[in-house]
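# Fold and contact review
Below, each chain spelled out in residue letters.
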Amino acid sequence: PGSKNRSMTRRLGIVIAVAGLVIVVAQGETPPVKDEADDGEEEVGDTGKSRKELASQYIYCAEDNCYDLLGVKKDSSQLAIKRAYRRLATEWHPDKNPDPRAKEIFQKYANAYEVLSDSEMKTNYDYLLAHPYEFPMHFLRFGSGRYAPKSDVRIVCLLILLGVSAVQYLFQSQRRSNFIQGIKSRKVYQERLKVILSEITEQRNAAKSKRSGSGRESSSSKSGKAKEAAKAKEVDDQKKQEAEAKLFAELDLDLPAEPSLRSTILFTIFAAPLTCSYATYYGVKWIIHFHILRKEYGEDEKAYLTKKACEIDDSAWERMVADDREELMTKQLWIKANKVAYDEELHSSVQSPTRSGKDKRALRQKKKSLGNFVMDE
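Residues numbered from 1 in each chain as written. Predicted model: local features only at pLDDT ≥ 70, side-chain atom pairs only at ≥ 80, totals over all residues. Heavy atoms only, no water.

### A short note on the overall build of the protein chain
Threshold: Strands here are runs of E lasting at least two residues and helices are runs of H or I lasting at least four, both read from the DSSP assignment and numbered beginning at the N terminus. Each residue is placed in one exposure class: buried if its accessible area under a 1.4 Å probe, protein chains only, is under 20% of its type's maximum, exposed if it is over 50%, and partly exposed if it falls in between. Contacts are residue-level and defined by heavy atoms, with any inter-residue pair within 4.5 Å sufficient.
When you go through the protein chain residue by residue, the secondary structure sums to 17 helices and zero strands. Burial analysis of the protein chain (377 residues in total) assigns 24% to the buried set. Partitioning the contacts of the protein chain with sequence separation of at least 6, the portion at a separation of at least 24 is 62%.

### Some words on a nonpolar patch on the surface
Basically, it comes down to this: What goes into a patch is any residue over 30% in relative accessible area without a salt bridge, connected to like charges within 9 Å or, for nonpolar side chains (Val, Leu, Ile, Met, Phe, Trp, Tyr), within 5 Å. All accessible areas in this document rest on Shrake-Rupley with a 1.4 Å probe, and a residue is counted as covered only by the protein chains that are shown. Any carboxyl oxygen of Asp or Glu that lies within 4 Å of a side-chain nitrogen of Lys or Arg is treated as forming a salt bridge with it.
Together, Ile-155, Val-156, Leu-158, Leu-159, Ile-160, Leu-162, Val-164, Ile-265, Ile-269 and Phe-270 make up an exposed nonpolar region whose accessible area comes to about 870 Å². The set of elements that each furnish at least two residues to the nonpolar patch consists of helix 8 (153-184) and helix 11 (265-270). When residues in the nonpolar patch are grouped by element, the largest group, seven residues, is from helix 8. Tracing the chain through its elements places Val-164 in helix 8. For Val-164, a relative accessible area of 38% translates into the label partly exposed.

### Some details on the packing of helix 4 (residues 78-92) against helix 5 (residues 102-117)
For clarity, the threshold we go by: Between N-to-C directions, angles span 0 to 180 degrees; the directions come from axes that are lines fitted to C-alpha atoms, helices contributing only their stretch in contact. Note on angle classes: values under 35 degrees are labelled roughly parallel, values over 145 roughly antiparallel, values of 65 to 115 roughly perpendicular, and the remainder oblique. In this classification, the charged set is Asp, Glu, Lys and Arg, the nonpolar set is Ala, Val, Leu, Ile, Met, Phe, Trp, Tyr, Cys and Pro, and all remaining amino acids, among them Gly, are polar.
For the pair helix 4 and helix 5, the least separation of the axes is 10 Å and the interaxial angle reads 170 degrees. Compared by their axis directions, helix 4 and helix 5 come out roughly antiparallel. Packed against helix 4, whose contacting residues are Gln-78, Ile-81, Lys-82, Tyr-85, Leu-88, Ala-89 and Trp-92, the element helix 5 presents Ala-102, Ile-105, Phe-106, Tyr-109, Ala-110, Tyr-113, Leu-116 and Ser-117 at the interface. Of the residues in the contact of helix 4 with helix 5, the class split is 12 nonpolar, two polar and one charged.

### Quick look at helix 4
Here is the rule we go by: Residue count minus one, scaled by 1.5 Å, sets the expected span of a helix. Picture the helix axis, draw a direction to every C-beta atom, and the arc is the one those directions span.
With 15 residues, helix 4 should cover 21 Å at 1.5 Å per step; its first-to-last C-alpha distance of 21 Å lies within 8% of that length. When helix 4 is considered as a whole, its buried residues turn out to be Ile-81, Ala-84, Tyr-85, Leu-88, Ala-89 and Trp-92. The buried residues of helix 4 all sit within an arc of 130 degrees when viewed along its axis, so they share a single face. Away from its buried face by more than 90 degrees, helix 4 exposes Arg-83, Arg-86 and Arg-87.

### Some words on the state of the cysteines
Stated precisely, the cut-off is as follows: Here, two cysteine sulfur atoms that lie within 2.5 Å of each other are counted as a disulfide.
Tallying each qualifying case throughout the model produces one disulfide. With a sulfur-sulfur separation of 2.0 Å, Cys-61 is cross-linked through a disulfide to Cys-66. On the sign convention where negative is left-handed, the bridge of Cys-61 and Cys-66, at about 115 degrees about the S-S bond, is right-handed. When sorted by exposure, Cys-61 lands in the same class as Cys-66, which is buried.

### With respect to a negative patch on the surface
Quick reminder of the rule: Neither His nor the chain termini are counted; the positive set is Lys and Arg, and the negative set is Asp and Glu. Here the site of a charge means NZ on Lys, CZ on Arg, CG on Asp, or CD on Glu.
A grouping of Glu-299, Asp-300, Asp-323 and Glu-326 is seen on the molecular surface, where their side chains present a negatively charged patch. At the level of secondary structure, the elements contributing two or more residues to the negative patch comprise helix 13 (299-310) and helix 15 (322-330). Positionally, Asp-323 belongs in helix 15.

### So, helix 13
Compared with an ideal rise of 1.5 Å per residue, which puts 12 residues at 16 Å, helix 13 spans 16 Å between its outermost C-alpha atoms and is within 8% of the ideal. Among the residues of helix 13, Ala-303, Leu-305, Thr-306, Lys-307 and Cys-310 are the ones counted as buried. At the exit of helix 13 stands Glu-311, carrying a positive phi of roughly 60 degrees.

### A short note on the confidence of the model for the protein chain
Spelled out, the test is: Think of pLDDT as the predictor's per-residue confidence, scored from 0 to 100.
Across the protein chain, the average pLDDT comes to 77, with 73% of residues at 70 or higher. Long-range and interchain partners of residues 28-38, a stretch whose pLDDT sits below 50, account for seven contacts in this model, where long-range means more than four residues apart. Overall, residues 366-377 carries pLDDT values under 50, and its contacts beyond four positions in sequence, including any with other chains, amount to 28 contacts.

### Considering the packing of aromatic side chains
As a reminder, the rule being used: Stacked, tilted and edge-to-face are the three classes assigned to paired rings of Phe, Tyr and Trp, where Trp is represented by its six-membered ring and a pair needs centres within 6.5 Å; plane angles under 30 degrees give stacked, over 60 edge-to-face, the rest tilted.
For the structure on display, the rule yields 12 aromatic pairs. With centroids separated by 5.0 Å and ring planes inclined at 75 degrees, the aromatic side chains of Tyr-281 and Tyr-282 adopt a geometry described as edge-to-face. A relative accessible area of 47% means that Tyr-281 is categorised as partly exposed. Accessibility expressed as a relative area gives 48% for Tyr-282, which makes it partly exposed. Members of the aromatic cluster, each reached through a chain of ring pairs, are Trp-286, Phe-290, Tyr-297, Tyr-304 and Trp-334.

### Quick notes on the packing of helix 5 against helix 6 (residues 119-130)
The interhelical angle for the contact between helix 5 and helix 6, taken along N-to-C directions, is 100 degrees, at an axis separation of 5 Å. As the angle between them shows, helix 5 and helix 6 are arranged roughly perpendicular. Together, Val-115, Leu-116 and Ser-117 of helix 5 and Ser-119, Met-121, Lys-122 and Tyr-125 of helix 6 make up the contact between the two elements. By residue class, the composition of the contact of helix 5 with helix 6 is four nonpolar, two polar and one charged.

### Looking at unusual backbone geometry
Peptide bonds are, in most cases, trans, and in most cases residues other than glycine have a negative phi. A positive phi angle, close to 60 degrees, is found at Glu-311, a residue other than glycine. Inspection of the secondary structure assignment puts Glu-311 in the loop between helix 13 and helix 14 (314-319). Assessed through its relative accessible area of 56%, Glu-311 is described here as exposed.

### Focus: the nonpolar core
Most often, soluble globular proteins keep nonpolar side chains buried together rather than apart. Condition: In these notes, a set of buried Ala, Val, Leu, Ile, Met, Phe, Trp, Tyr and Cys residues joined through side-chain atoms within 4.5 Å is what counts as a nonpolar core.
With 27 residues, the main nonpolar core has Tyr-60, Cys-66, Leu-70, Tyr-109 and Leu-116 as its most contacted residues. Within the residue set of this core, elements represented by two or more residues are helix 3 (66-70), helix 4, helix 5 and helix 6. With residues near it in sequence (within four places) discarded, Cys-66 still touches Tyr-60, Cys-61, Ala-112, Val-115, Leu-116 and Tyr-125.

Next up, the structure:
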């Protein structure tokens, strides 16, 4: 029993000793020290100023980064910083480098080394870099904002051209639609449409009366009458569409041209090299054939000169009647005297109470080139 008591006493003493050692170690641990750089409002040293106030007193490397200038990192040693500065100073010293920028660049390196070689100045500078939002005036004054495009400029320009061309196309389409709606609201249009409708009805009735064969008797049931009414409405719609198509064919010269991709800026720009080459080729050919060799104008040349003299675009020229185009070309309107006489003839035909169909079409085309709308009764 005595030996057992001694063993238990020894074990108990060992446990108490270990527990005491743990308590001593725990009491001996120092509390974690708060990094002064994380709290800029605490006073630093005997200056009575906070880290934030000290860091805001200097301009450091102005718009440049001191670490980037010397090519070192924040955790680089003073020896590495010194070696980097000596290497750059040797390369850019004004007495050794004939580059006119050497003095300015050397001064930047010297300034960066002055900031990073002083431990207190380096600490202030690190605090400024770590808390940029506490020093807005510094970065507003020395910040060098630069635009770094994330997209290819060519793709951006292409998308802009596509957008502008789409707006152009939609504008042309809407302009033609509004123009047609304006024409349809006019009394002259409605009266002319009724005349054409009556002509179509008479033609269909005459064709129907000439047909041979026995016709089926109409059913007197409600379903039969409904079918006949639906069929009659469908026939009326077809006749109206046919009448409108004929009327718009008559007014084709008065209407704006249909929207086309060829009239968009995108097509114009992409076709510019081809257009310039064609223009150069035909310009040289024109000078050689008609100014040097004095050849006679062909049909294409006469058409080109007539369109240019009358200010008619290609789409309007193509929509004109062939006889009217031929008549205009025979007048040789590219000659100034003939053009003056033709304009006087048109002016006199305006004042005349009776005008021929050709005069009306010519007058409409003339006024169309001036941007006015004409719809004769």
